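So you can see what is in the structure, the chains are spelled out below.
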Amino acid sequence: CFEMMERSGFWPNVVTYLCILKACGLAGAIGKGEKIHAEIVRERLLEKNVSLGNALIDMYAKFGLMAKAEGVFESLQPVRNEVSWNTLIGGYSQNGFCEEALDYFEQMQDGGFSPNVVTFLYILKACVGNQGLVKKGEEIHAIIDGLGLSEKNITLGTALVDMYAKCGELEKAQEVHENLPLRNVVSSNALISGYAQWGQGDKALKCFEWMQSEGFSPDAITFICILKACGSTGAIDKGKQIHDNIVNSGLLEKEIMLGTALVDMYAKCGMPVKAKEVFDEFPSRDVVLWNAHISSYVQVGQVREAFSSFAQMVSEGISPNAITFLVLLTSCSHAGLVKEGEMYFDAMDKVHFLVPTIEHYCCMVDLYVRVGLFEEAIALIEKAPSSS
């Protein structure tokens, strides 16, 4: 539509550029986005409209091109605002550059700009899952409490629960959750997810029961997390009950990830037949669901069934991924199947064009060692990626 507009002789304005930069970011159209950037610079529009600069930062961040995003940010020095800072910090956070996000958070304050709710959401996301940044997360928490923001904003409170939970600080996550003036499904999901992630399935189940007693209706994320907890604790009766709840809610028809979680739960509870029943209910199956299905056989030592399922997966036109081969090689290692292990290892690169990672090499080395083929193990170690 933008190209048609240009061909028709209409000259784009600031609103046009704002819309088309967003479109470039969503579509991954890097080349087009850079071309639009050049047009904006030629028209000297960045000097007049900081929103265009912010849109460019956001677009480059979506591409993961943070050096270019930072370049635009620096060019906005005379006119940049809180949105400019937030967009850059958010870009670094979303692309996994935690230290850079925190560094710009400090610079933002040093430059006289006050962080707002959006800033804190981005900076807490930068701390998520990084146990080395828990102290920094606690400092941010103190600032948020000092401003009274967590009492006013449920999204920010939920972000704090999520940050502590994913960093393994589960007691603090629970404390924050209990002190929220308003709790909802999302905040409860953050806590349940943390318990499930860190192997505290019993606490996840208790939190789920509390959530239901409070009248909150679980969503797909709740069910995925609680099924993981059932699998880790072997709570098969509870898992079956959750399965019934999911069916009754109608979510299973819409969310293939729920099917994957159910297959995985039944597999971990040693019920491959039940796992297959769930798997067979899905007319459309992706590689993640297939991986869970194959893994369900590996969990109970039914290696040949796993191999057969892999062959069926390939015959149906589903391309395996690195996880698929990790499951297969692990099963070969545990069963001492050298020829099969070598076949799958070779097929990764030669047939499916997947480069083996250090994890795949470790599986093969483990297989060779288990059967006493130490020379083969040493030879493979020498070929492994340098990160080994």
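Residues numbered from 1 in each chain as written. Predicted model: local features only at pLDDT ≥ 70, side-chain atom pairs only at ≥ 80, totals over all residues. Heavy atoms only, no water.

Caption draft 1: Molecular detail of the environment of Val-247. Topologically, Val-247 is positioned in helix H15 (residues 236–249). For Val-247 and Val-118, which are 129 residues apart along the polypeptide, the C-alpha to C-alpha distance reads 37 Å. (Helix = DSSP H or I, 4+ residues; strand = E, 2+ residues; numbered from the N terminus.)

Caption draft 2: View of the pattern of salt bridges. Applying the stated criterion across every chain, the model contains 16 salt bridges. The salt bridge involving Glu-34 is made with Lys-68; its shortest N-O contact spans 2.2 Å. Of this pair, Glu-34 sits in helix H3 (residues 30–42) while Lys-68 sits in helix H5 (residues 66–75); the two residues are 34 residues apart in sequence, bridging distant segments of the chain. Look at Lys-68 and you get partly exposed, because its relative accessible area is 40%. One salt bridge connects Glu-47 with Arg-44, and the closest N-O pair in it is separated by 3.1 Å. For the pair Glu-47 and Arg-44, one class covers both residues: exposed. Among the charged side chains, a network of salt bridges with common partners joins Glu-106, Lys-136 and Glu-139. (Salt bridge = Lys/Arg side-chain N within 4 Å of Asp/Glu carboxyl O. Buried < 20%, exposed > 50% of the residue type's maximum accessible area, 1.4 Å probe, protein only.)

Caption draft 3: Structural context of the side chain of Ser-188. The residue Ser-188 is located in helix H12 (residues 185–197) in this model. Side-chain polar atoms of Ser-188 contact the side chain of His-177, separated by 3.4 Å. Contacts of Ser-188, omitting those with residues within four sequence positions, involve His-177, Cys-207, Trp-210, Met-211 and Phe-216. (Polar contact = N/O pair within 3.5 Å; in protein donor to acceptor, adjacent residues only side chain to side chain. Contact = heavy atoms within 4.5 Å.)

Caption draft 4: The arrangement of the packing of helix H9 (residues 134–146) against helix H10 (residues 154–166) in detail. Two elements in contact, H9 and H10, have axes separated by 11 Å at closest approach and are oriented at 160°. Here H9 is positioned roughly antiparallel relative to H10, judged by the angle of their axes. In this structure, H9 meets H10 at a crossing whose hand is left-handed. Contact with H9, carried on its side by Gly-137, Glu-138, His-141 and Ile-144, involves Leu-156, Leu-160, Met-163 and Tyr-164 of H10 and no other residues of that element. Partitioned by chemical class, the residues of the contact of H9 with H10 number 5 nonpolar, 2 polar and 1 charged. (Axes fitted to C-alpha atoms, helices over the stretch in contact; angles between N-to-C directions. Parallel < 35°, antiparallel > 145°, perpendicular 65-115°, else oblique. Left-handed = near helix turned anticlockwise from the far one by under 90°. Nonpolar A, V, L, I, M, F, W, Y, C, P; charged D, E, K, R; others polar.)

Caption draft 5: Summary view of the packing of aromatic side chains. All told, the structure shown has 14 aromatic pairs when counted by the stated rule. Considering the side-chain rings of Tyr-60 and Phe-63, the 6.5 Å spacing of their centres and the 75° angle between planes classify their relative orientation as edge-to-face. With Tyr-60 and Phe-63 both in helix H4 (residues 50–63), this residue pair falls 3 residues apart, about one helical turn. The two residues Tyr-60 and Phe-63 agree in class, both being buried. Between Tyr-92 and Tyr-104, the ring centres sit 5.7 Å apart and the planes meet at 15°, which makes this aromatic pair stacked. Highlighted residues: Tyr-92 in helix H6 (residues 82–94) and Tyr-104 in helix H7 (residues 98–110), separated in sequence by 12 residues. (Phe/Tyr/Trp six-rings, centres within 6.5 Å; stacked < 30°, edge-to-face > 60°.)

Caption draft 6: Looking closely at the side chain of His-37. Inspection of the secondary structure puts His-37 in helix H3. Sequence-distant contacts of His-37, defined by excluding residues within four places in its chain, comprise Leu-56, Tyr-60 and Val-72.

Caption draft 7: Spatial organisation of the state of the cysteines. Under the definition given, this model contains 0 disulfides. Residue Cys-1 stays outside any disulfide, its sulfur separated by 10 Å from that of Cys-19, the closest cysteine. Judged by its relative accessible area of 85%, Cys-1 is exposed. Cysteine Cys-332 shares no disulfide, and the gap to the nearest cysteine sulfur, in Cys-363, comes to 9.3 Å. (Disulfide = S-S within 2.5 Å.)

Caption draft 8: Up close: the layout of surface pockets. One number sums up the size of the largest pocket: a volume of about 370 Å³. Thr-158, Ala-159, Asp-162, Val-186 and Ala-190 are, among the 18 residues lining the largest pocket, the residues nearest its centre. Elements with a minimum of two residues in the lining of the largest pocket: helix H8 (117–127), H10 and H12. Looking at the lining of the largest pocket, the element that brings in the most residues is H10, giving 6 residues. Space inside the second largest pocket adds up to approximately 210 Å³. Taken together, His-141, Asp-145, Ser-150, Glu-151, Leu-160, Tyr-164, Lys-172, Glu-175, Val-176, Asn-179, Leu-180 and Pro-181 make up the lining of the second largest pocket. Elements supplying a minimum of two residues to the lining of the second largest pocket: H9, H10 and helix H11 (170–179). At 4 residues, H11 tops the list of elements feeding residues into the lining of the second largest pocket. Broken down by class, the residue content of the lining of the second largest pocket amounts to 5 nonpolar, 3 polar and 4 charged. (1 Å grid on protein atoms, 1.4 Å probe; cavity = no way out; pocket = protein on both sides within 12 Å on 5 of 7 lines; lining within 4 Å. Points joined across faces, edges and corners; volume = space filled by probe spheres on them.)

Caption draft 9: Quick look at helix H17 (residues 272–280). Every buried residue of H17 is accounted for by Pro-272, Ala-275, Val-278 and Phe-279. Looking down the long axis of H17, one finds its buried residues gathered within 115° of arc, a one-sided arrangement. (Arc of directions from axis to C-beta.)

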